[in-house]
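Residues per chain are reported as follows:
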Amino acid sequence: MTESNHLPTKIKTVWRISAVINFLILAAIGIGAYIAFKLFDWHWLVYGAIGFGALALIDIVVELSLVPYRYSFWLYTLTDDAVELRSGFIFRRLVSIPIARVQDVTLSAGPILQSQKLQEVRIATASTSHKIDGLQPEVGEQLRKQIMALAVEVNDHDV
Amino acid sequence: MTSDQRHHLNLLALFYFLFHNLFDWLVYIILTVGPLNSFLKRHGINPLVGFGGLIALIVLIIAVRYWCFTFQIGPDMLTINSGIFVKKHTHIPYGRIQTIQRSQWFFLKPFHLEKLQIETAGHDDHSPEAVLPLVNESVRAQIDRNRLTQAAGQQPIGDSNPAETDRLATPSYLINPHDLNVFALTSLGIFPLIGALFALYAKIQDMIPQRIIDSITSKIIHQSLIIIVAVGLLIVIVSIITSYLTIIQKYYKFTLTTQAGQLKTYQGLFQRSSVTIPTNRIQAIRLKQNVIRQLCRLSTIQALAASSAGDDEKSNDLMIIPVVDTSKAFATLAAFINWTPHQKVALDHLAKKSYWYFIRNAMLMTTPLIVICVYFFKFLGGLSLFLLIPAILLGWYAAGNTGWAINNNQLIMQNGHWLTRSQYIIPKKNVQSFGLRQSIWMHRNQLAHVQVSVRHGNHNQLIELRYLPIAKAETLFNWLKNR
């Protein structure tokens with residue numbers, strides 16, 4: 001499995017849901033500020049309400065419109081001895097993490113990821129930490145196995 | 001001290017505990033003065049007795065804390081027990097120790113007492129994993145012995161005293177006074193210091209009442225230029241002297257020795273401090289030169305390690321050789337660390353036409369400043385355009401000092417930042433992750449940045465080569481990829 005993979009398509013749903021949740025949180029703060037303004041007549045709260053409302057709108061528009069972009073330019077490759085993450089089109093980035101350097105892998109899933117049956121994968125080396133937004137549990141498991149296999153080769157004294 | 005028995009710190013450590021938290025204690029005392037005083041008056045107790053009681057309580061707390069702080073030097077791990085209510089036990093296997101740092105103030109030397117700080121690669125905390133504030137020198141010797149014994153899997157090396165083992169150590173490096181002098185004189189550290197002193201001067205001027213200033217200025221109004229120049233000169237001179245003396249006292253009689261796969265440094269005039277680090281724990285080597293030292297052909301050699309022991313609390317840079325003739329740098333270093341190149345490695349450099357990107361970026365950095373100046377000061381603000389000259393020079397410097405090479409199993413990366421050139425020698429096995437970055441415009445021009453991550457202190461150090469031709473960048477990337 002050396003070809004580059006997109007994240008599972010379901011990740012788009014995850015990103016959209018989290019964009020909507022971010023929007024709702026910001027909007028709720030804005031609305032709360034507006035209600036407080038009406039109740040207590042604190043004038044400065046109007047600006048807070050407008051600010052948060054605008055932020056919420058900008059946030060949801062930007063996040064939703066970037067979903068296809070993020071999806072199509074976010075690629076990962078799992079080779080025998082490395083994980084490669086590629087992202088961005090305007091600002092491109094390619095990171096390679098030798099599996100022999102990996103100290104730990106954390107698989108986690110919040111409610112949104114759980115609903116889509118995905119797992120967030122966080123790969124930590126002795127100094128850096130890298131995140132894959134969502135993977136099918138099988139892929140996460142394969143990564144974990146590979147790392148366990150290679151971990152044997154790593155010298156105790158390397159760090 | 002070979003058994004697992006619990007040891008206490010030296011009794012003088014009571015003072016350490018007292019002074020370490022002196023500020024807290026003073027705050028407590030000040031906070032309690034009012035209430036305590038009224039309480040004592042109401043009950044007709046002599047205030048002396050009351051405050052005596054308070055001080056006795058503080059002393060008691062310190063004594064209990066001292067009593068609860070114990071350490072055990074076991075056969076395979078060091079255990080530190082501390083805490084009065086929350087008991088804390090820290091276990092450090094000898095094999096996991098990255099660095100042992102000891103420091104000794106001159107007035108403690110006759111008592112053979114020192115402070116020990118022991119670090120592992122764990123990166124939860126900013127402070128060292130274990131601090132023994134005041135212990136006898138023999139404790140370090142004991143820890144060292146157990147560590148070496150465990151590492152070699154041999155019988156204990158016997159009770160040789162530390163002085164003896166130090167003498168046997170070979171090879172060794174001792175900074176020579178002339179080099180130290182030049183080193184101290186060529187430090188760029190005076191510039192921040194000058195800035196700080198000028199800021200202080202401005203602050204003092206603010207604090208002097210206007211009336212006094214007025215009366216003085218009226219007297220010396222015709223001499224103001226002379227005064228300003230004199231103050232300026234004074235500040236510069238004080239900065240130079242302070243910076244010079246700081247460096248001299250810090251690296252006074254700097255020595256580096258190697259023994260049984262460990263490097264050991266000693267340095268300092270008033271406070272002798274020493275760091276011990278196993279050679280195989282060094283993540284990378286950094287050769288550093290500021291622009292003046294480049295002209296004087298002097299280099300500084302530092303080690304990057306997964307420990308925050310360093311000569312500076314902020315930078316974690318572990319000094320190995322403070323100053324050495326650039327031409328002899330590698331030869332000197334090779335005597336101590338067996339994997340570094342024995343001589344200077346020829347580097348690849350950027351083509352002249354790539355210099356433009358560095359210069360452009362430096363100029364872009366100054367643009368907001370210039371825009372602000374022009375906006376507020378109109379025509380006079382135009383003078384800020386002169387800022388472009390240092391910007392161009394800095395950009396040129398950064399580009400001209402970018403270099404790279406692959407040498408056996410090591411990657412050599414060199415870059416220039418703020419008039420300081422750093423050359424990193426990184427064994428491939430210590431590269432934690434690496435990558436390429438480019439913008440879409442750089443893609444069109446066939447350029448890329450190469451980034452390499454190395455563990456340094458408790459953090460990640462990202463070492464970057466900017467605006468490399470894509471073919472070269474990919475060569476480095478692929479070389480790093482092949483195990």
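Rules of the game
Residues numbered from 1 in each chain as written. Chains lettered and ligands numbered in written order. Predicted model: local features only at pLDDT ≥ 70, side-chain atom pairs only at ≥ 80, totals over all residues. Heavy atoms only, no water. Helix = DSSP H or I, 4+ residues; strand = E, 2+ residues; numbered from the N terminus. Buried < 20%, exposed > 50% of the residue type's maximum accessible area, 1.4 Å probe, protein only. Contact = heavy atoms within 4.5 Å. Areas by Shrake-Rupley, 256 points an atom, 1.4 Å probe, with all protein chains shown as cover. Expected span 1.5 Å × (residues − 1). Salt bridge = Lys/Arg side-chain N within 4 Å of Asp/Glu carboxyl O. Pairing = 2+ DSSP bridges. Buried area = accessible area lost by both parts, 1.4 Å probe. Axes fitted to C-alpha atoms, helices over the stretch in contact; angles between N-to-C directions. Patch = residues over 30% accessible without salt bridge, like charges linked within 9 Å, V, L, I, M, F, W, Y side chains within 5 Å. UniProt positions renumbered as here; feature names shortened; annotations may be inferred. 1 Å grid on protein atoms, 1.4 Å probe; cavity = no way out; pocket = protein on both sides within 12 Å on 5 of 7 lines; lining within 4 Å. Points joined across faces, edges and corners; volume = space filled by probe spheres on them. Nonpolar A, V, L, I, M, F, W, Y, C, P; charged D, E, K, R; others polar.

**Here we look at the overall build of chain B**
Then, number 1: Counting its regular elements, chain B contains 15 helices and 21 strands.
Then, number 2: When burial is assessed residue by residue, chain B has 45% of its 483 residues classed as buried.
Then, number 3: When contacts within chain B are restricted to residue pairs at least 6 apart in sequence, those whose partners lie at least 24 apart make up 58%.
Then, number 4: For chain B, the exposed area adds up to about 26,400 Å²; of that, 66% sits on carbon and sulfur atoms.

**Focus: helix α1 (residues 10-40) of chain A**
Residues and elements named next belong to chain A.
Then, number 1: A rise of 1.5 Å per residue sets the reference length of α1, with its 31 residues, at 45 Å; its end C-alpha atoms lie 45 Å apart and thus fit the reference within 8%.
Then, number 2: Buried within α1 are the following residues: Ile11, Val14, Trp15, Ala19, Leu26, Ala27, Gly30, Ala33, Ala36 and Phe37.
Then, number 3: Its buried side turned inward, α1 meets α2 (44-73), α3 (111-115) and β7 (129-135).
Then, number 4: Positive phi shows up at Asp41, right after α1, with a value of about 60°.

**Some thoughts on the pattern of salt bridges**
Then, number 1: Throughout the structure, instances matching the rule amount to eight salt bridges over all chains.
Then, number 2: Its salt-bridge partner being A:Asp133, residue A:Lys131 comes within 3.6 Å of it at the nearest N-O pair.
Then, number 3: The exposure class of A:Lys131 is partly exposed, given its relative accessible area of 36%.
Then, number 4: Residues B:Glu464 and B:Arg466 are paired through a salt bridge, measuring 3.1 Å at the closest nitrogen-oxygen approach.
Then, number 5: Taken together, the shared-partner salt bridges in this structure form one network comprising A:Arg70, A:Lys131 and A:Asp133.

**Side note on the pairing of strand β4 (residues 91-98) of chain A**
Side-chain direction in a regular strand flips from residue to residue, so the side chains alternate between the two faces of the sheet.
Then, number 1: Taken across its eight residues, β4(A) has six buried, putting it largely inside the fold.
Then, number 2: Of the pairings in the sheet, the one linking strand β3 (residues 82-87) of chain A to β4(A) comprises six bridges and is antiparallel in character. Residue pairing across strands places A:Glu84 opposite A:Ser96, the latter belonging to β4(A).
Then, number 3: Between β3(A) and β4(A), which pair antiparallel and follow one another directly, the connecting turn spans three residues, one of which, A:Gly88, has a positive phi of 80°.
Then, number 4: Note: β4(A) against strand β19 (residues 433-439) of chain B, six bridges, orientation antiparallel. Counted as the bridge partner of A:Arg93 is B:Arg437 from β19(B).

**Let's talk about the sheet that holds β4(A)**
Then, number 1: With respect to topology, seven strands assemble into an open sheet ordered β1(A)-β2(A)-β3(A)-β4(A)-β19(B)-β20(B)-β21(B), the strand pairing being antiparallel. Edge positions in the sheet fall to β1 (5-6) of chain A together with β21 (459-469) of chain B, since each has one partner strand and no second.
Then, number 2: As defined by bridge partners, strand β2 (residues 75-78) of chain A adjoins β3(A) across four bridges and the pair is classed as antiparallel. From the neighbouring strand, A:Leu78 faces β3(A), where its bridge partner is A:Val83.

**A closer look at the interface of chain B and chain A**
Then, number 1: Taken together, the contact pairs 32 residues of chain B with 24 residues of chain A.
Then, number 2: For the pairing of chain B and chain A, the buried interface totals around 2,400 Å² over both sides, and the portion due to carbon and sulfur atoms is 48%.
Then, number 3: Between the two partners, chain B and chain A, sit one salt bridge.
Then, number 4: A salt bridge links A:Glu84 to B:Lys481, with the shortest nitrogen-to-oxygen separation between them at 3.0 Å.

**Structural notes on the sheet that holds strand β12 (residues 282-290) of chain B**
Residue and element names in this part refer to chain B.
Then, number 1: The sheet built from seven strands is open, its strands ordered β14-β13-β12-β18-β17-β16-β15 with antiparallel pairing. Both outer strands of the open sheet, β14 (318-325) and β15 (348-349), are each paired with one neighbouring strand and no more.
Then, number 2: The pairing of strand β13 (residues 298-305) with β14 spans five bridges and is classified as antiparallel. Opposite Gln302, over in β14, you have Met319 as the bridge partner.
Then, number 3: Lying on the sheet, helix α13 (residues 388-400) is in contact with β12, β15, β17 (410-417) and β18 (420-427); it crosses β17 at an angle near 170°.

**Description of a nonpolar patch on the surface**
Residue and element names in this part refer to chain B.
Then, number 1: The grouping of Ile372, Tyr375, Phe376, Phe377, Leu380, Leu383, Phe386, Ile389 and Leu393 at the surface amounts to a nonpolar patch, some 1,100 Å² of accessible area in total.
Then, number 2: Of all the elements in the fold, those that place two or more residues in the nonpolar patch are α12 (355-381) and α13.
Then, number 3: By the element assignment, Ile389 lies in helix α13.

**Comments concerning unusual backbone geometry**
What you tend to see is this: most non-glycine residues have negative phi, and most peptide bonds are trans.
All names here are of chain B.
Then, number 1: Despite not being glycine, His112 shows a phi value in the positive range, around 55°.
Then, number 2: When you line up the elements, His112 lands in the loop between β5 (97-105) and β6 (113-120).
Then, number 3: The exposure class assigned to His112 is partly exposed, which follows from its relative accessible area of 41%.
Then, number 4: The phi angle at Gln446 is positive, at roughly 60°, despite the residue not being glycine.
Then, number 5: Take Gln446: it is sitting in the loop between α14 (440-444) and β20 (447-456).
Then, number 6: Judged by its relative accessible area of 46%, Gln446 is partly exposed.

**A closer look at the environment of B:Arg421**
Residues and elements named next belong to chain B.
Then, number 1: Positionally, Arg421 belongs in strand β18.
Then, number 2: Considering only alpha carbons, one finds Arg421 and Thr402, 19 residues apart in sequence, at a separation of 8.7 Å.
Then, number 3: Filtering out sequence-adjacent residues up to four positions away, Arg421 remains in contact with Leu287, Lys288, Gln289, Gln294, Tyr397, Asn401, Gln414, Asn415 and Gly416.

**Here's the deal with helix α3 (residues 47-68) of chain B**
Then, number 1: Between its first and last C-alpha, α3(B) extends 31 Å over 22 residues, near the 32 Å set by a 1.5 Å rise per residue.
Then, number 2: Of all the residues in α3(B), the buried ones are B:Gly50, B:Leu54, B:Ile58, B:Ile62, B:Tyr66 and B:Cys68.

**Quick notes on the UniProt feature "transmembrane region" (unreviewed entry) in chain A**
Residues and elements named next belong to chain A.
Then, number 1: Per the UniProt record, "transmembrane region" (unreviewed entry) is found at residues 14-36 and 42-62.
Then, number 2: For residues 14-36, the helix share is 100%, the strand share is 0%, and the end-to-end C-alpha distance is 33 Å.
Then, number 3: Structurally, residues 42-62 is divided into 90% helix and 0% strand, and its ends, taken at the C-alpha atoms, are 31 Å apart.

**A closer look at the pairing of β21(B)**
Residues and elements named next belong to chain B.
Then, number 1: Alignment of β20 against β21, held across nine bridges, turns out to be antiparallel. Bridge pairing in β21 places Gln451 opposite Glu464.
Then, number 2: A loop of two residues connects β20 with β21, the two strands running antiparallel in sequence, and Gly457 in this loop sits at a positive phi of about 60°.

**Focus on empty space enclosed by the protein**
Residues and elements named next belong to chain B.
Then, number 1: Applying the stated criterion across every chain yields a total of one cavity of 30 Å³ or more.
Then, number 2: Looking at the largest cavity, the residues that line it are Leu263, Thr265, Val275, Thr276, Ile277, Leu318, Met319 and Ile320.
Then, number 3: Of all the elements in the fold, those that place two or more residues in the lining of the largest cavity are β10 (262-267), β11 (271-278) and β14.
Then, number 4: Considered class by class, the residues forming the lining of the largest cavity number six nonpolar, two polar and no charged.

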